[in-house]
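A closer look at the structure
Below are the chains, spelled out letter by letter.
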Amino acid sequence: AQSVTQLDSQVPVFEEAPVELRCNYSSSVSVYLFWYVQYPNQGLQLLLKYLSGSTLVKGINGFEAEFNKSQTSFHLRKPSVHISDTAEYFCAVSLRPLRGTYKYIFGTGTRLKVLA
Amino acid sequence: DTGVSQDPRHKITKRGQNVTFRCDPISEHNRLYWYRQTLGQGPEFLTYFQNEAQLEKSRLLSDRFSAERPKGSFSTLEIQRTEQGDSAMYLCASSSTLARYRASYEQYFGPGTRLTVT
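**With respect to the overall build of chain A**
The helix and strand inventory of chain A stands at zero helices and 12 strands. Ordered by position from the N terminus, the helices and strands of chain A form the series β-β-β-β-β-β-β-β-β-β-β-β. Here the C-alpha radius of gyration of chain A, 14 Å, is about what a compact globule of 116 residues would show, namely 13 Å. Structurally, chain A occupies a C-alpha span of about 45 × 30 × 20 Å along its principal axes. The buried share of chain A, taken over its 116 residues, is 47%. Taking contacts inside chain A between residues at least 6 apart in sequence as the whole, the part at least 24 apart equals 56%. Surface summary for chain A: the accessible area is close to 5,600 Å², and the carbon and sulfur share equals 49%. Side-chain charges in chain A split into 11 positive and 8 negative, and the spacing between the mean points of these groups amounts to 12 Å.

**Here we look at the interface of chain A and chain B**
Many authors give the size of an interface as the accessible area that is lost as the parts come together. The interface of chain A with chain B comprises 20 residues on the first partner and 22 residues on the second. Summing both partners gives a buried area of about 1,800 Å² for chain A against chain B, and 55% of it is carried by carbon and sulfur. The tally of links from chain A across to chain B stands at two salt bridges. A salt bridge links Lys49(A) to Glu106(B); its shortest N-O distance comes to 3.9 Å.

**Digging into the side chain of Gln107(B)**
Within the secondary structure, Gln107(B) is located in the loop between helix H1 (99-102) and strand E10 (108-109). Excluding residues within four positions of it along the chain, Gln107(B) makes contact with Tyr36(A), Tyr102(A), Lys103(A), Tyr104(A), Tyr33(B), Tyr35(B), Ala93(B), Ser94(B) and Ser95(B).

**A closer look at the nonpolar core**
Residue and element names in this part refer to chain A. Leu33, Trp35, Leu47, Leu48, Phe74, Leu76 and Tyr89 are the most contacted members of the largest nonpolar core, which has 28 residues in total. Looking at this core, the elements that each hand over two or more residues are strand E2 (10-14), strand E3 (19-21), strand E5 (31-38), strand E6 (44-50), strand E8 (64-68), strand E9 (73-78), strand E10 (87-95) and strand E12 (110-115). A total of five residues in this core trace back to one element, the largest contributor, which is E10. Apart from residues no more than four positions distant in its own chain, phenylalanine 74 is found in contact with Cys23, Leu33, Phe34, Trp35, Leu48, Lys49, Tyr50, Ala65, Glu66 and Phe67.

**Structural notes on the state of the cysteines**
All names here are of chain A. Counted under the stated rule, the structure contains two disulfides over all chains. Sulfur-sulfur distance for the disulfide between cysteine 23 and cysteine 91 comes to 2.0 Å. Negative torsions about the S-S bond denote left-handed disulfides, and the value of about -65° found for cysteine 23 with cysteine 91 makes this one left-handed. Separated by 68 residues along the polypeptide, cysteine 23 in the loop between E3 and strand E4 (24-26) and cysteine 91 in strand E10 bring together distant segments of the chain. Under the relative-accessibility criterion, cysteine 23 is labelled buried at 0%.

Calculation rules
- Residues numbered from 1 in each chain as written.
- Chains lettered and ligands numbered in written order.
- Predicted model: local features only at pLDDT ≥ 70, side-chain atom pairs only at ≥ 80, totals over all residues.
- Heavy atoms only, no water.
- Helix = DSSP H or I, 4+ residues; strand = E, 2+ residues; numbered from the N terminus.
- Rg over C-alpha atoms; globule rule 2.2 N^0.38 Å.
- Buried < 20%, exposed > 50% of the residue type's maximum accessible area, 1.4 Å probe, protein only.
- Contact = heavy atoms within 4.5 Å.
- Areas by Shrake-Rupley, 256 points an atom, 1.4 Å probe, with all protein chains shown as cover.
- Lys, Arg positive; Asp, Glu negative; His and termini not counted.
- Charge placed at Lys NZ, Arg CZ, Asp CG, Glu CD.
- Buried area = accessible area lost by both parts, 1.4 Å probe.
- Salt bridge = Lys/Arg side-chain N within 4 Å of Asp/Glu carboxyl O.
- Core = buried A, V, L, I, M, F, W, Y, C linked by side-chain atoms within 4.5 Å.
- Disulfide = S-S within 2.5 Å.

No statement about biological role is implied by the geometric values presented.
Take a look at the structure:
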């Protein structure tokens, strides 16, 4: 069975400081990896995704993530955060479609709070 | 492209009542998913449709839950005899197998319906 672990439930960081949100996954088959952001009372918005190719993926709003197959990790980073980045961040995996399923499995989320 | 829409955005109901939620996916999208998100948790998969066919259901989807997508466009999720444990945000997402979307495998999420069972 597949699972996603986000080790940090909350991450406080000062404005303009760098941040890393950690995500580890467990799967016996190849997966696709995603990071979504959720602002209060809103749905999920895709930040970035890894399907194949370069392990460093760049997304929207200055975020990037690196896929590490040996460590089964997909950590999200931003070199300088803004107050507006305060939100909940979710890591998700999807089995590659050859496995016949398309559902996402989400982590429990990390609440990023950017302090002035 | 107006995005995925869900109605209602909020629903308060008494235990034992039935409720129905609607999801309108992005117009070109033939896949539609339902997830449930409780406080402090990530979304959990409930079920998904390809066109009008319901192809996968989670064990979370008890007999009190039923989902339909009769014409392969909008979908409804009904919960019968609601319980307090059903209180959650219900999220709908859609994706497409069209060639120009296929490589992305991305699901687009709606704003959700927040259900409170009193």
